[in-house]
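What follows is the residue order along each chain.
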Amino acid sequence: GTMCGSLANADPSSEWCLVAATLDAEFTALSSRGRRVIQAAEWFQGLMTTALQSDELLMQVRFPLLGEGTLFGFQEFSRRAGDFAPAMALVTFRVESGLIADPQLGCVGGEAHPPRAAAGGGRTSVHGGGVAGWRLASRLSERFGRLRRF
């Protein structure tokens, strides 16, 4: 499917949903009533459910630009090559004076929408009781073999 199609449907197997939630993307919906801007934290309502109203069309998704020198890692788990990944994790951060700065961590694994980790190592609430999936996704975030620069 398309990026906006996956996001408009909150497809839990879509990497785009994880990226949008982790980076706090901004969604623009259009209807006969006008435009409405929705932050990622409000966009994802549950499994295959978004804040998009029945008369609205997803017109645009904006991802924030990451700062120079930002590192990222992405890892997903699937039982067989080519299968949809039931768990995946994304991390971004910068290193300043030997310390991690501006960390962002998102994990998907068994919940209704991609949670974004809160500052300080916490995590957002997980809907759907996906504790085992959360643990798997958290373990994936520990396995980033190679971080990449933007």
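These figures come from a predicted structure and were not determined experimentally.

1. Describing the packing of aromatic side chains
Part 1 of the argument: Under the defined criterion, the tally for this structure stands at 3 aromatic pairs.
Part 2 of the argument: Ring centres 4.3 Å apart and planes at 0 degrees place the aromatic pair Phe 27 and Trp 43 in the stacked group. Of the two residues, Phe 27 is situated in strand S1 (residues 26-31) and Trp 43 in helix H3 (residues 40-43); the sequence distance between them amounts to 16 residues.
Part 3 of the argument: Under the relative-accessibility criterion, Phe 27 is labelled buried at 0%.
Part 4 of the argument: Between Phe 27 and Phe 44, the ring centres sit 6.1 Å apart and the planes meet at 90 degrees, which makes this aromatic pair edge-to-face. Linking Phe 27 in strand S1 with Phe 44 in strand S3 (residues 44-46), this pair joins segments that are 17 residues apart in sequence.
Part 5 of the argument: Residue Phe 44 is classed as buried on the basis of its relative accessible area, which comes to 5%.
Part 6 of the argument: Here the aromatic residues Phe 27, Trp 43 and Phe 44 are joined through ring pairs into a cluster of three or more.

2. What to know about the confidence of the model for the protein chain
Part 1 of the argument: A residue-level look at the protein chain finds 73% of positions with pLDDT of 70 or above and a mean pLDDT of 79.
Part 2 of the argument: Within the model, pLDDT remains below 50 along residues 118-130, and this stretch shows 20 contacts once partners closer than five positions in the same chain are excluded.

3. Here we look at the environment of Ile 38
Part 1 of the argument: Mapped onto the fold, Ile 38 is located in strand S2 (residues 34-39).
Part 2 of the argument: Not counting chain neighbours up to four residues away, the residues in contact with Ile 38 comprise Ala 25, Glu 26, Phe 27, Ala 29, Trp 43 and Ala 51.

4. Notes on the pairing of S2
Part 1 of the argument: With 6 bridges joining them, S1 and S2 adopt antiparallel strand pairing. Of the residues in S2, the one forming a bridge with Phe 27 is Ile 38.
Part 2 of the argument: Connecting the antiparallel pair S1 and S2 is a turn made up of 2 residues.

5. A few points about the sheet that holds strand S5 (residues 57-62)
Note: strands within a sheet are paired through backbone hydrogen bonds, in either parallel or antiparallel orientation.
Part 1 of the argument: The antiparallel open sheet is built from 3 strands, whose spatial order is S2-S1-S5. Only two strands of the sheet have a single neighbouring strand rather than two, namely S2 and S5. Sheet twist, expressed as the mean angle between neighbouring strand axes with direction ignored, is 25 degrees.

6. Looking at the side chain of Thr 28
Part 1 of the argument: Here Thr 28 lies in strand S1.
Part 2 of the argument: Aside from chain neighbours lying at most four places away, what touches Thr 28 is Arg 35, Arg 36, Val 37, Leu 57, Leu 58, Met 59 and Gln 60.

7. Topic: the layout of surface pockets
Part 1 of the argument: In this model, the second largest pocket occupies a volume close to 170 Å³.
Part 2 of the argument: Elements with a minimum of two residues in the lining of the second largest pocket: helix H1 (3-8) and helix H2 (15-23).

Reading the values: the criteria
- Residues numbered from 1 in each chain as written.
- Predicted model: local features only at pLDDT ≥ 70, side-chain atom pairs only at ≥ 80, totals over all residues.
- Heavy atoms only, no water.
- Phe/Tyr/Trp six-rings, centres within 6.5 Å; stacked < 30°, edge-to-face > 60°.
- Helix = DSSP H or I, 4+ residues; strand = E, 2+ residues; numbered from the N terminus.
- Buried < 20%, exposed > 50% of the residue type's maximum accessible area, 1.4 Å probe, protein only.
- pLDDT = per-residue confidence, 0-100.
- Contact = heavy atoms within 4.5 Å.
- Pairing = 2+ DSSP bridges.
- Axes fitted to C-alpha atoms, helices over the stretch in contact; angles between N-to-C directions.
- 1 Å grid on protein atoms, 1.4 Å probe; cavity = no way out; pocket = protein on both sides within 12 Å on 5 of 7 lines; lining within 4 Å.
- Points joined across faces, edges and corners; volume = space filled by probe spheres on them.

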